[in-house]
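# Per-entry structural report
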Amino acid sequence: MMQEFWEVCLSRFEQELPAQQFQTWIKGLRIGQCEGDDTLALVAPNRFVLQWVRERYVSRIEALGLEYFSQPLSVRLSLPDPAAKSGPAAHAAEATAGAARTADSGDAGRAANASKAAALSANPTSNTQIRLPGIIVPARDGERDRSRLNPGFTFDNLVTGRANELARAAAIQVAQNPGMSYNPIFIYGGVGLGKTHLVHALGNEVMRHNPDAVIRYVHADDYYADVVRAYQQKSFDAFKRYYRSLDVLLIDDIQFFNNKTRTQEEFFYAFNALTEAKKQIVITCDTYPKNIQGVEERLTTRFGWGLTVQIEPPELEMRVAILKKKAEMERVKVGEDVAFLIAKNIRSNVRELEGALKKVIAYAHFHTTPISLEVAREALKDLLGAHNRQITLEFIQKTVSDYYKIKVADMYSKKRTRAIARPRQVAMFLAKELTPESYPAIGESFGGRDHTTVLHACRTIADLRLKDEVLNHDLHVLIQTLRK
């Protein structure tokens, strides 16, 4: 029964996910020893895939299970063979995952018991290993399943444009000289803009140049879970020894450290130890360092020691290039006009672009018709309409005026003082970026200005944002605000 259900899951995921994601994360899973009719046991090829599937796809599998069986389904993930290199630790990680999540909510007693039971099931480490709570990691091991790097994320397949060219260039330089160029490198930007792809690409590039480098990619939530397990199992010495033995630490979504005092304290000491030893630290976040809520100032100050770069929403040309690349990966032909239609109306992030493209492909497939501009418009009519309704010129003017503390009337006035002219230019730039309006239409809405004035404003802001960090940050905040 479970085998039949899993075949259905594979079919659905193949339809819903891009080919590369399906091949990387889903196709390699296989059915394990199922216990009862309400549990699906899946075996992942390595720990990185296991963690990725658990975080991103288990809920979808459970939803499909409810749809298929008309009752709740539990999904259990494990690694291939308990006798394999990391087998015992895999079971420990499974058992302690729940404990790590509940410790902060006051359920530390049950969490500690679960962790102790998990620890007893793992074999003692050998002299050539460092034992981190829940996992066993060789002291010198360049294998990707130890580093948790995704080999599919490289600089070569990262579509590059103005929105991410600075971040990409900095990441390449760091990868070529880890611990020497910029340390730490802090990469921030909204969701779905490619931060995770970039840090994996950096790690893969370091590994390509130096296969013996000890690299670890870790999500902030997983680092927190490691701290909790170390606390419960009284194994902080092993925890500290492991993280301080790294040559490169890639830590993703550090905003999840908010209000986790012990985790911040441990990271503070690890940060100091690694930077003093000239080991590379790479951090990603959804906001500028000083704006992270619930994180101690002594940490946010250190985040600014090296280089802080932003990944922004992709500009039009980059969005078109991304769509063409995705279509090529899906082995479907998408014309320039279709790519432009999607790119012009979907501006927020790469995930939304990808979702819109998949919807067009599916619509064309179900109606057995080639992908054309008319087909794309029909497939995306609800989505395009919603996006076009969300952000208006008036909404942009009001938001920018509130942000810079000027009157909305100043947007239409002839005043040219810097305190008013710059916000007006910012509003014009955002109007062009976030709405389908033409230059003349935008100029008309800003007090009947000529389209050349709007064009000049857009070019000025586009150039300044690459040089002026404060302006760049203002734009980031405004864009995130307007898209909420």
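Here the structure is shown first, and the text comes after it.
Residues numbered from 1 in each chain as written. Predicted model: local features only at pLDDT ≥ 70, side-chain atom pairs only at ≥ 80, totals over all residues. Heavy atoms only, no water.

### As for the overall build of the protein chain
Looking only at helices and strands, the protein chain features 23 helices and ten strands. Taken over 484 residues, the protein chain has a buried fraction of 53%. In the protein chain, of all internal contacts separated by at least 6 residues, the share reaching a separation of at least 24 is 73%. (Helix = DSSP H or I, 4+ residues; strand = E, 2+ residues; numbered from the N terminus. Buried < 20%, exposed > 50% of the residue type's maximum accessible area, 1.4 Å probe, protein only. Contact = heavy atoms within 4.5 Å.)

### Regarding the packing of aromatic side chains
As enumerated under the stated definition, the model contains 22 aromatic pairs in all. Ring geometry for Tyr223 and Tyr243: centres 4.8 Å apart, planes at 65°, overall edge-to-face. Taken as a pair, Tyr223 in helix H10 (residues 220–232) and Tyr243 in helix H11 (residues 236–243) lie far apart in primary sequence, 20 residues in all. Its relative accessible area of 0% is what places Tyr223 among the buried residues. You can call Tyr243 buried: its relative accessible area is 1%. One aromatic cluster is present, formed by Phe186, Tyr223, Phe236, Phe239, Tyr242, Tyr243, Phe257, Phe267, Phe271, Phe303 and Trp305 through successive ring pairs. Seen from the ring of Phe268, Arg298 lies directly overhead, with NZ or CZ sitting 4.0 Å from the centre. (Phe/Tyr/Trp six-rings, centres within 6.5 Å; stacked < 30°, edge-to-face > 60°. Lys NZ or Arg CZ within 6 Å of the ring centre and 35° of its normal.)

### Topic: the environment of His451
Counting through the fold element by element, His451 comes out in helix H22 (residues 451–464). Accessibility expressed as a relative area gives 37% for His451, which makes it partly exposed. With sequence-adjacent residues up to four places away left out, His451 is seen in contact with Tyr439 and Pro440.

### Re unusual backbone geometry
Geometrically, the link from Asn183 to Pro184 is a cis peptide bond, its omega value of 0° lying close to zero. Backbone geometry places Lys278, a non-glycine residue, at a positive phi of 60°. Within the secondary structure, Lys278 sits in the loop between helix H12 (261–276) and strand E9 (280–285). Among the residues examined, Lys278 registers a relative accessible area of 53% and is labelled exposed. You will see that Lys405, though not glycine, has its phi angle at about 60°, which is positive. Positionally, Lys405 belongs in the loop between helix H19 (393–404) and helix H20 (418–434). On the basis of relative accessible area, Lys405 is assigned to the exposed category, the value being 73%.

### Here we look at the nonpolar core
If you look at the biggest cluster of nonpolar residues, it comprises 54 residues, and the most contacted ones within it are Phe5, Trp6, Phe13, Ile26, Ile61 and Leu202. Ignoring any residue separated from it by four or fewer positions in sequence, one finds Ile61 in contact with Phe5, Trp6, Cys9, Phe13, Leu40, Leu42, Leu73 and Val75. Formed by 30 residues, the second largest nonpolar core is a distinct cluster that contains Phe186, Ala220, Ile281 and Tyr288. (Core = buried A, V, L, I, M, F, W, Y, C linked by side-chain atoms within 4.5 Å.)

### Brief notes about H11
Those residues of H11 lying buried are Phe236, Ala238, Phe239, Tyr242 and Tyr243. Across the axial projection of H11, the buried residues extend over an arc of 160°, all falling on one side. (Arc of directions from axis to C-beta.)

### Brief notes about the packing of H11 against H12
The description of two helices packed together rests on the angle between their axes and the distance between the axes. Across the interface, H11 lies against H12 with an axial gap of 10 Å and an inter-helix angle of 45°. Classed by the angle they form, the pair H11 and H12 counts as oblique. The crossing of H11 and H12 is right-handed. When H11 is examined against H12, the residues Phe236, Phe239, Lys240 and Tyr243 are found in contact with a partner set consisting of Arg262, Glu266 and Leu274. Residue composition of the contact of H11 with H12, by class: four nonpolar, no polar and three charged. (Axes fitted to C-alpha atoms, helices over the stretch in contact; angles between N-to-C directions. Parallel < 35°, antiparallel > 145°, perpendicular 65-115°, else oblique. Left-handed = near helix turned anticlockwise from the far one by under 90°. Nonpolar A, V, L, I, M, F, W, Y, C, P; charged D, E, K, R; others polar.)

### Details of helix H14 (residues 316–330)
Counted at 1.5 Å a residue, the expected span for H14 with its 15 residues is 21 Å, and the 21 Å between its end C-alpha atoms agrees. The inward-facing, buried residues of H14 abut helix H15 (336–345) and helix H16 (350–366). Following H14 by one or two positions, Arg331 adopts a phi angle in the positive range, close to 60°. (Expected span 1.5 Å × (residues − 1).)

### Focus: the sheet that holds strand E2 (residues 39–43)
Taken together, the three strands give an open sheet; going across it, the order is E1-E2-E3, and neighbouring strands pair in mixed fashion. Strands with a single pairing partner mark the edges of an open sheet, and in this sheet they are strand E1 (30–31) and strand E3 (74–78). Relative to E2, E1 runs antiparallel, the two being bridged by two bridges. Opposite Arg30, over in E2, you have Val43 as the bridge partner. Relative to the sheet, helix H1 (residues 2–16) contacts E1 and E2, its axis offset from that of E2 by approximately 65°. (Pairing = 2+ DSSP bridges.)

### Let's talk about the sheet that holds strand E10 (residues 307–310)
Consider a sheet: its strands pair through backbone hydrogen bonds, and that pairing is either parallel or antiparallel. Taken in spatial order, the five strands line up as E7-E8-E9-E6-E10 in an open sheet, and their pairing is parallel. The open sheet terminates on both sides in strands that have one partner only, identified here as strand E7 (215–219) and E10. Going across the sheet, the axis of each strand differs from the next one's by a mean of 15°, ignoring polarity. Direction of pairing for strand E6 (residues 185–188) relative to E10: parallel, over a ladder of four bridges. The residue bridging Phe186 from the neighbouring strand is Thr308, located in E10.

### Focus: the pattern of salt bridges
If the charged atoms of two oppositely charged side chains come close together, the side chains can form a pair. According to the stated counting rule, one finds 14 salt bridges in the structure shown. Here Arg216 ties to Asp226 by a salt bridge, and the two come within 3.7 Å at their closest N and O atoms. Of the two residues, Arg216 is situated in strand E7 and Asp226 in helix H10; the sequence distance between them amounts to ten residues. Judged by its relative accessible area of 1%, Arg216 is buried. We classify Asp226 as buried; its relative accessible area is 2%. Of the charged contacts, one joins Arg465 and Glu312 as a salt bridge, the two residues approaching to 1.6 Å between their closest N and O atoms. In this pair, Arg465 sits in the loop between H22 and helix H23 (469–482) while Glu312 sits in the loop between E10 and H14, placing the two residues 153 residues apart along the sequence. Taking the relative accessible area as the measure of exposure, Glu312 reaches 7% and is therefore buried. The network of salt bridges with common partners includes Arg216, Asp226 and Arg229. (Salt bridge = Lys/Arg side-chain N within 4 Å of Asp/Glu carboxyl O.)

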